[in-house]
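What follows is each chain in one-letter form.
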Amino acid sequence: MSKSIPFQWTPRKRDFVLERRFWRSQRDDVTDHPLRPLIGPVTESKSISRKVSSAGSSTNSSTPGTPQPRRNVTAVLADPLGAALDGTDPLSQFAKEELDPLSKIAVEEANWEQPERRKISDSFEDDVLQEWSARKAAILTRFTTSERLSIMTSFLSGGDKVVARPQAVGPPQNAVIEKVKNRLEQLDEFEEGSVKEEGDLTQGEYVARIEQLNSELKQAWNTDQRVKALKIAIQCSKLLADTNVTQFYPSKFVLITDILDIFGQLVHDRLRSKAEGNRVRGKLPVDFTPDMVPEAAKETCRNWFFKIASIRELVPRFYVEIAILRSYSFLTSSEFTQALLRLTRMIRGIGDPLVAAYARCYLCRVGLSITRDRSFIHENLYDFLAAHKQLYSRSVRAELLRQKVDLGSYLTLYTPALDWILQLAAHPGTEQQLLDVLTICKNLNVKSGLVLNSVMVGFKAVYIAARATHFVDLITACDDDGFPQYILFRTLGLCVVAAEPPREQHHTLLNVVWKVVSRLSDVGHYAACAEVWIEFAAKYFGKNEVNAILHDMIRHLTPNRAYEQHYPQLQSVVSILLRNTQDPEILFGMDKFLTFIDMFQKEVVKVEVCKLIMEAYCRQKQDAVRDPVVINGVMFLCRVLHDSVNAMTVDDEKRQIAQLICGFLKSVDFGRDFEQQLGFYVDARAAFTNLDYVHLQLVQSVNRLAVETRKIVGGHHTRKTASFVRACAAYCFISVPSISSVIFRLQLYLLSGQVALSNQCLGQADACFKAALNLIPDFPKTIEVDGKPKSSDFFLATYLSNFMSTLLIVPDPPEQGVLYLTRGLLNCIQTRQWDAAFSKTNLYLQVLCLLAASAQESYPYHIEKVDSNDALYGSDPKFIAEVNRLCGVVVEEIFSQLRAFDDTSNHAKQASVYFKYVSD
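Keep in mind it's a predicted model, so treat the numbers as computed, not measured. Within each chain, residues carry numbers counting from 1 in the order of the written sequence. Local features in this predicted model are restricted to residues of pLDDT 70 or higher, and side-chain atom pairs are both shown and tallied only at a pLDDT of 80 or more, whereas totals for entire chains, interfaces and linings draw on every residue. The basis for every side-chain value is the complete set of heavy atoms in the structure, and neither hydrogens nor water enter the calculation.

Peer 1: Looking at this structure, I do not really get the nonpolar core. What am I missing?
Peer 2: A general feature of soluble globular proteins is that nonpolar side chains tend to end up buried together. Phe263, Tyr319, Tyr410, Trp533, Met553, Phe596 and Phe664 are the most contacted members of the largest nonpolar core, which has 273 residues in total. Aside from chain neighbours lying at most four places away, what touches Phe596 is Leu550, Met553, Ile554, Leu570, Val573 and Val574. Put simply, a nonpolar core is a bunch of buried Ala, Val, Leu, Ile, Met, Phe, Trp, Tyr and Cys residues held in one set by side-chain atoms that sit within 4.5 Å of each other. Burial classes: relative accessible area under 20% of the type maximum marks a residue as buried, over 50% as exposed, and values in between as partly exposed (1.4 Å probe, protein chains only). Residue contacts follow a heavy-atom distance rule, with two residues in contact if any of their heavy atoms lie within 4.5 Å.

Peer 1: Please explain the environment of Trp304 as it appears in this structure.
Peer 2: In this fold, Trp304 is placed in helix 13 (residues 295-309). With a relative accessible area of 5%, Trp304 lands in the buried category. Linking Trp304 and Leu271, residues 33 residues apart in sequence, is a C-alpha distance of 9.9 Å. When residues no more than four places from it in sequence are discounted, the contact partners of Trp304 are Trp221, Arg226, Leu230, Phe263, Val267, Leu271 and Ile324. Strands are runs of DSSP state E lasting at least two residues, helices are runs of H or I lasting at least four, and both sets are numbered from the N terminus onward.

Peer 1: Help me understand helix 21 (residues 431-443), please; the structure alone is not making it clear to me.
Peer 2: Two residues of an α-helix separated by three or four positions point the same way, owing to the 3.6 residues in each turn. In this scheme, a helix's expected span is set at 1.5 Å multiplied by one less than its residue total. Over its 13 residues, helix 21 extends 19 Å from the first C-alpha to the last, a length consistent with the 18 Å expected when each residue adds 1.5 Å. Turning to helix 21, its buried residues number three or more, namely Gln433, Leu434, Asp436, Val437, Leu438, Ile440 and Cys441. If you follow the buried residues of helix 21, they end up packed against helix 17 (375-386), helix 20 (415-425), helix 22 (449-458), helix 23 (461-466) and helix 24 (468-477). Positive backbone phi, at 60°, marks Asn445, one or two positions downstream of helix 21.

Peer 1: I tried to follow the pairing of strand 4 (residues 788-791) on my own but got confused; where do I start?
Peer 2: Regular strands show a simple pattern: their side chains alternate between the two faces of the sheet. Each pair of strands is called paired provided DSSP finds at least two bridges between the two strands. Of the strand pairs in this sheet, strand 3 (residues 782-785) and strand 4 are connected by four bridges, and their pairing is antiparallel. Each residue of the ladder has a partner; that of Thr782, found in strand 4, is Ser791.

Peer 1: Just checking my understanding: could you explain the packing of aromatic side chains for this structure?
Peer 2: The description of an aromatic ring pair rests on the distance of the ring centres and on the angle between the ring planes. Any two of the Phe, Tyr and Trp rings considered here, Trp counted by its six-membered ring, make a pair once their centres fall within 6.5 Å; the pair's planes then place it as stacked at under 30 degrees, edge-to-face at over 60, or tilted in between. Evaluation of the coordinates by the stated rule reveals 35 aromatic pairs. Taken together, a centroid distance of 6.4 Å and an interplanar angle of 80° make the contact between Trp132 and Phe253 edge-to-face. Of this pair, Trp132 sits in helix 8 (residues 123-142) while Phe253 is found in helix 12 (residues 249-277), placing the two residues 121 residues apart along the sequence. Take Trp132 and Phe253: they sit in the same class, and that class is buried.

Peer 1: Quick question: what am I supposed to make of the side chain of Ser327 here?
Peer 2: Inspection of the secondary structure assignment puts Ser327 in the loop between helix 14 (314-323) and helix 15 (336-346). Excluding its chain neighbours within four sequence positions, the residues that come into contact with Ser327 are Val267, His268, Leu271, Cys301 and Phe305.

Peer 1: How should I be thinking about the environment of Thr798 in this particular structure?
Peer 2: Among the secondary structure elements, Thr798 is positioned in helix 40 (residues 793-807). Of the residues examined, Thr798 reaches a relative accessible area of 45% and is grouped as partly exposed. Counting along the chain gives 45 residues from Thr798 to Leu843, while the straight-line C-alpha distance between them is 9.6 Å.

By themselves, these are just geometric observations and shouldn't be taken as functional.
What follows is the structure, given as structure tokens:
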């Protein structure tokens, strides 16, 4: 007894002889084609009328006043054409079965509290349907063509062809038959010369025509032209039978099925609104049952399915019926599986295997949204596997030869459809199901790379990774079936990256796979595989294996500058290495990493890659860096970023690059080797000349270096340390002028002078202070604060207050006069034009405070090892006299300012200044 599998279907060979005998036994002898009675000449309509009359008399023979027994809905749905074989008009026939209003209300009352209909709230169904929406964009992006396309339709250029028809005269039954006849003739009209072919279209033009058909369908529906809308849906479906441009077929399938989905939704909404309009209780609930639907709405629903059943060609009839399959819910809630299985078997009549595969895909997608029973999905998968040899048939190969398409490219066209079918059939994707599918493929002798690729995509990566070496053997066995082998190895690589294979298989797996990958002659195929397998090496191996793969990639991509065509894959490799490396130093320790980075010759791409590396470096690097190999490597990347800055670079870009470079500068630390640290800062200043923020960071870092030196020696400098701190002060004094921002220069001059003064570098401190004073007269009138221009007086007033507190302890040099820096400050205040009233007066008051403190015998604060003026002059009378003279000059300037503002509006401010003067 054969073992059953979770799919609920048993692999077996189809017995076509038995099937033919079965279908022959089901035949009934008929005298005419089932469609002919409805569209035949007038002479035949009389016989049809007689049949209708006889059928009506047999129906009316039952007891009057009792509801007629309903027709078996299953039979109607299973074979709509079979219902027309008795010659009776379906609209007239079902009208006789309508319940009277009282019975209708009773049925609705009885079924109001019925259990809820099937709900598709399953997380799996919701997830996969959302996933299909995401897959559509990928399909449209991947499957493109440069070939010229053609489209056959009658709704783009000339519109719908209008045919005048005589009004039916006669009995009501003849009128109904004539109405049905006219509608069927309208559906067949485009086959009789109204369809026009528009050829020589580019892909963009073709897509535009499809979108135009979509708009025409919506417009026709909104204007109550239902037949026209149906004809558009039929013509769109017929396009799916055309495989003249094979490479574009998956994208065409996505575009056309979107239109069919819209058509199906329009039909469903129309039926629902009609049902709610005829209901006594108003709107239908979300999970309504067929018993809640009025008979008029059911009749309209049946009419739609009869219209579709009369479509002569298989492909459009199949697709349009699937599009409105959801509307079966108005007729039945238990016959979806039978209808889906019937449609599944209809696909066996489609001769083109590519068209059949995507028909199965659409059937599975729509069927999943209306039923939980997946037996039809399993049937579709088994049918595809059983008919797999059709993909290699002589007719297919001849067509591929005509279109000049290789077999490998042709087989990849099946991947979206087969991946989708297998994913649905394999749910929930257990390990046993994987083994069952592999067993079925073995029993059917299906050694196909296409199927194997979909198996690896459809099942969980952990099950594939656990049998990684077995799948390598299966891939090797599929070497000659035409499916690109590199895709199989890439898919396997994605699985072993997502889930770790057995540890003992790591080396064997990498060695076996890389031997195959390294022999790939096509650079694109090689790059696609290497992009995945380098992540496997980065996750489970050390830097030696990764370095070897980088070397092999450089060897393959360097000839003929092939790397220029594969920048996305190379960028992905860099991202993978950064993501799987905890310490960026490991990457710079590989001798092939920077060589690999050097393959990015396009400046824009190279800058993006360097940014990516530097962001990871600044984010992950916590410890200090002192390895010269790493420093040189990161310096190379920073130079690339710096050299990309030009006059067209926006400020945000400059700021971002400067932050990355500053992050690197702050990470370099040579410990107590301060001279090497200063040498590094000298090299950095020469390398990064265009970024103010970098120079600002360098000056700050060198000042910190001088402060650290003073801290180590405790303020007692030796000859060597004294020379070093003077070198630091000189570095800062030279670097500050290269900064374009005046504000930064002022602040850095003051800071550098204070650091130099604390290290007893008096000459360097005086130079910094004089340079700062020289900037004050030319300081701009306005500065930008939070993106808005504001007066700079407030900033200067605050800055000069800080500056004066430093001047108090700065000793006068012997070659200069008494308080020469203070006199220079007074000159700066005097010569500058101040915008705010009394700004100059307030500054003079602060100068008075400075002079008063300078005349004291002992200053309130000092710098260790630095003798201020209180120690140099010792309250000498000449010094005190000079201070008093300067005080008189300042007081005179204050009164002069007050007199200049002697008016009523300024009396309050004058009073506040006087009060401050008296209190000081």
